[in-house]
Amino acid sequence: MDRRHFIQNMGLATMASALPGAQLIDSIFLQNNYQMKALRGDLGIFTERGGTILWKLSDDGIAVVDTQFKAQAEHLIEEIKKKSDRQIDALINTHHHGDHSAGNIAFKGLVKNHFAHENCVKNMKATAEKNNSLDKVLLPSAGFGKKFVYKLAGEKIAMRYFGAAHTNGDAIIHFEDANIAHMGDLLFNRRVPYIDKNNGADIANWQNVMDDAYKWFDKDTQLVYGHSGDGYEITGTREDLKAFKNYLGRLLEYVDKGVKAGKTKEDLAKTELIPGADQWKGNQRRAVNAAYIEIVEEK
Ligand SMILES: [Zn+2]
Ligand SMILES: [Zn+2]
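These notes cover the structure that comes with them. Quantities reported herein were computed from a predicted structural model and do not represent experimental measurements.

Here the focus is the overall build of the protein. A count of helical and extended segments in the protein gives nine helices and 15 strands. Taking all 299 residues of the protein together, 54% fall into the buried category. Within the protein, counting contacts between residues at least 6 apart in sequence, those at least 24 apart form 62% of the total. About 13700 Å² of surface is accessible on the protein, with carbon and sulfur atoms providing 48% of the total.

Attention now goes to the sheet that holds strand β2 (residues 43-47). The sheet built from seven strands is open, its strands ordered β1-β2-β3-β4-β5-β6-β7 with mixed pairing. In this open sheet, the two strands that pair with only one neighbour each are β1 (35-38) and β7 (142-144). For this sheet the average axis-to-axis angle between neighbouring strands, irrespective of direction, equals 25°. By the bridge criterion, five bridges tie strand β3 (residues 53-58) to strand β4 (residues 61-65) in an arrangement that is antiparallel. If you follow leucine 57 over to β4, its bridge partner there is isoleucine 62. On top of the sheet, helix α3 (residues 70-83) reaches β1, β2, β3, β4 and β5 (88-92); it is set at about 15° to β3, its chief contact.

We now examine the coordination of the zinc ion (ligand 2). Looking at the zinc ion (ligand 2), the protein donor atoms are His95 (NE2), His97 (ND1), His166 (NE2) and Asp185 (OD), and they sit 2.1 to 2.2 Å from it. One way to put it: the four donor atoms around the zinc ion (ligand 2) meet at angles of 90 to 164°, and that makes the site irregular. In primary sequence terms, the donor set of the zinc ion (ligand 2) follows H-x1-H-x68-H-x18-D. Between the two metal centres, the zinc ion (ligand 2) and the zinc ion (ligand 1), the spacing is 3.6 Å, with aspartate 185 acting as a shared donor. Here histidine 95 is found in the loop between β5 and α4 (98-101), whereas its partner histidine 166 is found in the loop between β9 (155-160) and β10 (172-175), with 71 residues between them in sequence. Residues histidine 95 and histidine 166 agree in their burial class; the two are buried.

A few words now on the packing of aromatic side chains. Tallied over the entire structure, the rule returns 10 aromatic pairs. Look at phenylalanine 115 and phenylalanine 148: their rings are 4.9 Å apart centre to centre, the planes differ by 55°, and that puts the pair in the tilted class. Of the two residues, phenylalanine 115 sits in strand β6 (residues 111-117) while phenylalanine 148 sits in strand β8 (residues 147-152), which places them 33 residues apart along the sequence. Taking the relative accessible area as the measure of exposure, phenylalanine 148 reaches 27% and is therefore partly exposed. Taken together, Phe115, Phe144, Phe148 and Tyr150 form an aromatic cluster joined through their ring pairs. In this structure, arginine 49 packs its charged tip against the face of phenylalanine 69, placed 4.2 Å from the ring centre. When the ring centre of tryptophan 216 is taken as reference, the NZ or CZ atom of arginine 160 above it lies at 4.8 Å.

Turning next to the coordination of the zinc ion (ligand 1). Around the zinc ion (ligand 1), the donor atoms from the protein are Asp99 (OD), His100 (NE2), Asp185 (OD) and His227 (NE2), and they sit 2.1 to 2.2 Å away. Geometry at the zinc ion (ligand 1) is irregular, judged from the four donor atoms that bind it and their angles of 86 to 157° at the metal.

The six strands are arranged β8-β9-β10-β11-β13-β15 in an open sheet whose pairing can be described as mixed. Two strands lie at the open edges of the sheet, namely β8 and β15 (235-236), each paired on one side alone. Direction of pairing for β10 relative to strand β11 (residues 180-182): antiparallel, over a ladder of three bridges. Counterpart to phenylalanine 175 in the pairing with β11 is isoleucine 180.

For the rest of this paragraph, the subject is the nonpolar core. By size, the foremost hydrophobic cluster in this structure holds 42 residues, and its most contacted members are Met183 and Tyr247. Of all the elements in the fold, those that place two or more residues in this core are α6 (203-216), α7 (239-260), α8 (265-269) and α9 (285-297). A total of nine residues in this core trace back to one element, the largest contributor, which is α7. Those residues in contact with tyrosine 247 that lie beyond four places of it in its chain are Val192, Pro193, Ile274, Ala277, Trp280, Gln284 and Ala287. Grouped together as the second largest cluster of nonpolar side chains are 21 residues, Leu43, Ala63, Leu152 and Ile173 included.

Looking at the secondary structure, you find isoleucine 293 in helix α9. Separated by 28 residues in the primary sequence, isoleucine 293 and lysine 265 place their C-alpha atoms 9.6 Å from one another.

This paragraph deals with the side chain of asparagine 199. Here asparagine 199 is to be found in the loop between β12 (188-189) and α6. Here aspartate 196 takes part through its side chain, which lies 2.8 Å from a polar atom of the side chain of asparagine 199. Here asparagine 199 is in contact with His96, Asn123, Thr167 and Asn168, once residues within four sequence places are set aside.

Definitions and cut-offs
- Residues numbered from 1 in each chain as written.
- Chains lettered and ligands numbered in written order.
- Predicted model: local features only at pLDDT ≥ 70, side-chain atom pairs only at ≥ 80, totals over all residues.
- Heavy atoms only, no water.
- Helix = DSSP H or I, 4+ residues; strand = E, 2+ residues; numbered from the N terminus.
- Buried < 20%, exposed > 50% of the residue type's maximum accessible area, 1.4 Å probe, protein only.
- Contact = heavy atoms within 4.5 Å.
- Areas by Shrake-Rupley, 256 points an atom, 1.4 Å probe, with all protein chains shown as cover.
- Pairing = 2+ DSSP bridges.
- Axes fitted to C-alpha atoms, helices over the stretch in contact; angles between N-to-C directions.
- Donors = N, O, S within 2.8 Å, 3.2 Å for Na, K, Ca; no water.
- Tetrahedral: all angles 85-135°; square planar, octahedral: opposite > 155°, others 65-115°.
- Phe/Tyr/Trp six-rings, centres within 6.5 Å; stacked < 30°, edge-to-face > 60°.
- Lys NZ or Arg CZ within 6 Å of the ring centre and 35° of its normal.
- Core = buried A, V, L, I, M, F, W, Y, C linked by side-chain atoms within 4.5 Å.
- Polar contact = N/O pair within 3.5 Å; in protein donor to acceptor, adjacent residues only side chain to side chain.

So, in structure tokens, the structure goes:
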């Protein structure tokens, strides 16, 4: 299928799923519940179940960032094969969590390069060893440090690590020419974040990461997020980084003030809202527990 037909079909699929009562069209054009959505140029996103996947599909280069789960990765691979017989040039993981990397295994034998931050590789390997499932995972073959640049088909793909945040191994993957960046789980768009203290998360430093990323991007950078709250987009602009930084700061402040006022962890965890960050609605228990570990237990 040529590029134009590919894009047209994607558009049709997107349209079909948006129309009310379009189940028949859905069943013809959307046999699966996934969505391929073009963003800019030859970049776009795949969504089905798990953290959003970013892809670049062109005749002279294919890259995939994150892989959801095995069945979802297989759906994406089918779509890629409709477009090109080319071997996938680069698979990149933003971090090690299963909703972003369990689908790696579907790419076994199909990719030339597989990159992730070195801590992501370590965490992925340690998790697989713990679950006795090393044979079921595909580990990145190359772990990078603070910055790594990979050039592909007229695109400079910069992978950067600004320190511990959601885990101790989250990288931002910036396609600098298209000016689109995958944030992985470094930004939960108006959704209460998962903060993985068992894998080195650091809420205080996460705020610095938001500042560093803000400076790195410009006002035209399109950001792709792993997850978003109901009714919110999984893409956005760097202004979202400021809003999320505010949530993180308010979360720490809420727990710190509460502890000083004699409240228990259980009392604090009951809230549905962090004062001063009311766009991040919902059960705050896990986030409050993580902040409590950072403020009380790690001190
Ligand atoms: Zn995730
Ligand atoms: Zn995650």
